[in-house]
Amino acid sequence: MARNLTRQLALWSARVFAAHPDRTEPIYFALSGEHPVYQENAFLSSRRIFSNANVYSIHITTENRFLRERIHSMLQTHLLSVLPGNCALIQLVSFLPNQNRSVIPGFIVQDFQRKEETEIILKDMAKINECLLCSYKKSEGADLWQQSIWCATEGAEVKGSAHYIIPAAKPAAHVSVLNIDSVVFHCFEDAYAALQECKESIPEAKEILHLADQSPRHMQRSNFPVIVIEGLDATGKTTLTKSLQETLKGTLLRSPPPQLSHWRDQFDSQPAVIRRAFYALGNYITAAVIARESEKAPVIVDRYWPSTTAYAIATEVVGEKENLPSLYSKVYQWPTDLLKPDLVVVLMVSPEERIRRLQERGQVKTQEEKELEENNLFRERVDEVYKRIEGSICKIIDANCPKEEVLQQVLHLISQYCRL
Ligand SMILES: Nc1ncnc2c1ncn2[C@@H]1O[C@H](COP(=O)(O)OP(=O)(O)OP(=O)(O)O)[C@@H](O)[C@H]1O
Ligand SMILES: Nc1ccn([C@@H]2O[C@H](COP(=O)(O)O)[C@@H](O)[C@H]2O)c(=O)n1
């Protein structure tokens, strides 16, 4: 037991921690081992995270990505309701710099009244939810150190060695990028495996997995061209795809496919890894229909893999589009096992025109549309990811012009890139 604990805590000492006290640029700090080293006290105390309170951190270390996000979401709402008054919660992640899938979510808990019961409550939480619990103390020399007080894998109270805390440099890759391959799937098996992680908690996942099992795989487009229309909400996809269907006498498809539509609300409310796996499997199921329909007529598809990827990345990554995975990153590469269209057309309109069209349409805004309206940064990240999609012919269209002009621009692109 001791060896395993030592190994685990040694792993922790290699990690960098990012605290988001107020959703501005994270504060990065790291563990420095068992001997006090010079640290920029002004750095840590100036952030007021560790002063004037008993401070703890709780880390959700369970391997199951679905459970990890579920526990994080539950703790986010539950902790403050059970902790004694005058406690504050700060988002905290720990990660191995530039190492994908190394991110472990958690929280910093500040107890300004320094109540003994706080630690008792947190230990219970850690025990029930397989978390690692640490406390932070200042030594005489005002050095600050982290002490583990409950270890998930050992299921016991531990007094692991103390690690002193020092400021850490901002990592090259933004910490939110390290989870990207948990929400962007580059093969059927990964999306399938992600949904399997939740099938005991979400019975409908079994039905979706069954539908995916029934769907032919590795299909290719046939005699007629396949054109995918993409873009933010209210950019004119529905209007354009209907006009293209009429003009080309084609077949109009949507992803997710009709057999998954009645589950959308339920999966839209799930943790990101599950939500995106749902849409990813929807793309694979749609691909089989595209292949079959492209034997008979041109196929127009309203949203497909680019939507799933753009919204997953734009949701996972915070802040400016500069925080996105770098250009030519493999995250933008089209999956080799997913039917590739002849042409992807991405409609882009100005924020003002989008809002005008949303208001003109008068439909209830989805949570995501509300976020798009309030959060221009999110919209800019979605549009930027669309521009970075690789492996398929992806063309950006200025869709601010009238409907007929948009249609003519797209018909011209189709004549250039598709065999009609
Ligand atoms: N080129 C255009 N110029 C002006 N208005 C347009 C244009 N294209 C579509 N609209 C109008 O904008 C609104 C949104 O269009 P539409 O529903 O086709 O967008 P969408 O991208 O499918 O939206 P969502 O993804 O939210 O379903 C509709 O009221 C539509 O009539
Ligand atoms: N292939 C897809 C299609 C959709 N999504 C997600 O759904 C959101 C809304 O889609 P609508 O068709 O209702 O406009 C979209 O913003 C994506 O988040 C997806 O991920 N993959």
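Here the structure is shown first, and the text comes after it.
The following refers to the structure shown.

Conventions adopted
Residues numbered from 1 in each chain as written. Chains lettered and ligands numbered in written order. Predicted model: local features only at pLDDT ≥ 70, side-chain atom pairs only at ≥ 80, totals over all residues. Heavy atoms only, no water. Helix = DSSP H or I, 4+ residues; strand = E, 2+ residues; numbered from the N terminus. Buried < 20%, exposed > 50% of the residue type's maximum accessible area, 1.4 Å probe, protein only. Contact = heavy atoms within 4.5 Å. Areas by Shrake-Rupley, 256 points an atom, 1.4 Å probe, with all protein chains shown as cover. Near = heavy atom within 4 Å. Polar contact = N/O pair within 3.5 Å; in protein donor to acceptor, adjacent residues only side chain to side chain. Nonpolar A, V, L, I, M, F, W, Y, C, P; charged D, E, K, R; others polar. Expected span 1.5 Å × (residues − 1). Pairing = 2+ DSSP bridges. Axes fitted to C-alpha atoms, helices over the stretch in contact; angles between N-to-C directions. Phe/Tyr/Trp six-rings, centres within 6.5 Å; stacked < 30°, edge-to-face > 60°. Core = buried A, V, L, I, M, F, W, Y, C linked by side-chain atoms within 4.5 Å. Salt bridge = Lys/Arg side-chain N within 4 Å of Asp/Glu carboxyl O.

## Notes on the overall build of the protein chain
Scanning the protein chain from terminus to terminus reveals 15 helices and 14 strands. The proportion of buried residues among the 420 residues of the protein chain is 54%. A fraction of 74% describes how many contacts in the protein chain between residues 6 or more apart in sequence connect residues 24 or more apart. Accessible surface, the protein chain as shown: approximately 19,000 Å² in total, 50% of it carbon and sulfur.

## What to know about the site of ligand 1
Taken together, 20 residues surround ligand 1, and among them Lys237, Thr238, Thr239, Arg361 and Cys401 come closest. Taking threonine 238, its side chain carries an N or O atom lying 2.5 Å from an oxygen atom of ligand 1. Between ligand 1 and threonine 239, the relevant distance is 2.7 Å, taken from an oxygen atom to a side-chain nitrogen or oxygen of the residue. Expressed as a share of its isolated accessible area of 630 Å², the protein-covered part of ligand 1 is 82%. Of all the elements in the fold, those that place two or more residues in the shell around ligand 1 are helix H7 (237-248), helix H12 (351-361) and helix H15 (403-417). Considered class by class, the residues forming the shell around ligand 1 number six nonpolar, four polar and ten charged.

## A look at helix H14 (residues 376-388)
For H14, which comprises 13 residues, the first-to-last C-alpha distance of 18 Å matches the rise-based estimate of 18 Å (1.5 Å per residue) to within 8%. Within the sequence span of H14, burial applies to Phe378, Arg379, Arg381, Val382, Asp383, Glu384, Val385, Tyr386 and Arg388. The opening residue of H14, the one whose side-chain oxygen lies 2.9 Å from the backbone nitrogen of leucine 377, is asparagine 375.

## Re the side chain of serine 182
Mapping serine 182 onto the fold places it in the loop between strand S9 (163-167) and helix H5 (188-196). When sequence neighbours within four positions are dropped, the list of residues in contact with serine 182 reads Arg65, Arg101 and Val273.

## Remarks on the sheet that holds strand S14 (residues 394-398)
Sheet architecture is open: five strands sit in the order S11-S12-S10-S13-S14, paired in parallel fashion. Pairing within the sheet leaves two strands with one partner each, and these edge strands are strand S11 (251-254) and S14. When the angles between neighbouring strand axes are averaged without regard to direction, this sheet yields 25 degrees. Here strand S10 (residues 226-231) runs beside strand S13 (residues 343-348); their pairing, made up of five bridges, is parallel. Looking at the pairing, isoleucine 229 lines up with valine 345 of S13. The sheet contacts of helix H10 (residues 272-293) involve S10, S11 and strand S12 (299-302), and relative to S11 the element is tilted by about 175 degrees.

## Quick word on the packing of aromatic side chains
Taken as a whole, this structure holds nine aromatic pairs when the rule is applied. Ring geometry for phenylalanine 267 versus phenylalanine 278: centroids 4.8 Å apart, planes at 5 degrees, classification stacked. Taken together, the residues phenylalanine 267 in helix H9 (residues 264-268) and phenylalanine 278 in helix H10 connect sequence positions eleven residues apart. The pair formed by phenylalanine 267 and phenylalanine 278 is uniform in burial state, with each residue classed as buried. Both rings, one in phenylalanine 278 and one in tyrosine 279, keep their centres 5.1 Å apart while their planes meet at 80 degrees; by these two values the pair is edge-to-face. Comparing phenylalanine 278 with tyrosine 279 shows no difference in burial state: the two are buried. Within the aromatic cluster, the residues linked to one another by ring pairs are Phe188, Tyr192 and Tyr284.

## Observations regarding the nonpolar core
With 61 residues, the main nonpolar core has Leu195, Phe267, Leu281, Tyr304 and Ile313 as its most contacted residues. Elements represented by at least two residues in this core include exactly H5, helix H6 (204-214), S10, H10, S12, helix H11 (305-316), S13 and H14. Setting aside residues up to four positions removed in sequence, tyrosine 304 forms contacts with Val228, Glu230, Ser255, Asn283, Ala287, Ile290, Trp334, Leu338, Leu339 and Pro341. Ranked by size, the runner-up nonpolar core spans 21 residues in total, among them Leu240, Leu252, Leu343 and Ala399.

## Digging into the pairing of S10
Counting buried positions along S10 yields six of six residues, so the element is predominantly enclosed. Direction of pairing for S10 relative to S12: parallel, over a ladder of four bridges. Paired with isoleucine 227 across the two strands is isoleucine 300, which belongs to S12.

## Focus: the pattern of salt bridges
Between side chains of opposite charge, pairing is possible as soon as their charged atoms come close. In this structure the tally under the stated criterion is 17 salt bridges. Its salt-bridge partner being lysine 123, residue glutamate 119 comes within 3.6 Å of it at the nearest N-O pair. Placement of the pair is glutamate 119 and lysine 123 together in helix H4 (residues 116-128), with a separation of four residues, close to one helical turn. Salt-bridge contacts for aspartate 268 lead to arginine 275; the nearest nitrogen and oxygen are separated by 2.8 Å. For aspartate 268, a relative accessible area of 28% puts it in the partly exposed group. Among the residues examined, arginine 275 registers a relative accessible area of 15% and is labelled buried. Several salt bridges share partner residues, and in doing so they unite Glu353, Arg356, Arg357 and Glu360 into one network.

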